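# Results of the structural survey
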Amino acid sequence: MKFKSLALAAILTCTLAAAFSQTPTARPAQPAPAIATPPIATPPTIDPAIIDTALKAMVDDKRLIGVSALVFERGQEAYFGAFGLADREN
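As the structure is a computational prediction, the values presented were derived from the model and not from experiment.

Helix and strand counts for the chain come out as 2 helices and 2 strands. In the chain, the proportion of contacts linking residues at least 24 apart, taken out of those at least 6 apart, comes to 40%. Put simply, the chain shows about 8,300 Å² of open surface, and 65% of that area lies on carbon and sulfur atoms.

Another aspect to go through is the pattern of salt bridges. Under the defined criterion, the tally for this structure stands at 2 salt bridges. In this structure, the salt-bridge partner of Asp60 is Lys56, at a minimum N-O distance of 3.2 Å. Taken as a pair, Asp60 and Lys56 lie in helix H2 (residues 48-60) at a separation of 4 residues, close to a single helical turn. Judged by relative accessible area, Lys56 falls into the partly exposed class, the value being 42%. The partner of Asp61 in a salt bridge is Arg63, with the nearest N and O atoms 3.5 Å apart. In this structure, Asp61 and Arg63 share a single accessibility class: exposed.

Once that is clear, we can look at unusual backbone geometry. One non-glycine residue, Lys62, lies in the positive phi region at around 65°. Note on Lys62: relative accessible area 74%, which makes it exposed.

So, about the environment of Ile51. Counting through the fold element by element, Ile51 comes out in helix H2. In the structure, Ile51 is positioned 28 residues away from Tyr79 in sequence and 8.6 Å away in space, judged by C-alpha atoms. In this view, Ile51 contacts Ile46, Val71 and Tyr79; residues no more than four positions away in its chain are not counted.

Calculation notes
- Residues numbered from 1 in each chain as written.
- Predicted model: local features only at pLDDT ≥ 70, side-chain atom pairs only at ≥ 80, totals over all residues.
- Heavy atoms only, no water.
- Helix = DSSP H or I, 4+ residues; strand = E, 2+ residues; numbered from the N terminus.
- Contact = heavy atoms within 4.5 Å.
- Areas by Shrake-Rupley, 256 points an atom, 1.4 Å probe, with all protein chains shown as cover.
- Salt bridge = Lys/Arg side-chain N within 4 Å of Asp/Glu carboxyl O.
- Buried < 20%, exposed > 50% of the residue type's maximum accessible area, 1.4 Å probe, protein only.

Right, here's the structure in full:
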């Protein structure tokens, strides 16, 4: 049993030594990364009037005391609106 363990250890050692002693193969050249172009500024596709109407209606119907909304589209501010009170008691 001891001989089998030693033989297995010797084979494993030789295999690992052979694997690590090989010279690494050259990797194929990778293409240069593409230059990122800045995004083209496009007008927002949301309609601020629709959001205004909905938020104002919620405040007028007393479903909300106050509300504000900020919408970002394509990384730019597309809408900001605030209606009602920030603090009803004050």
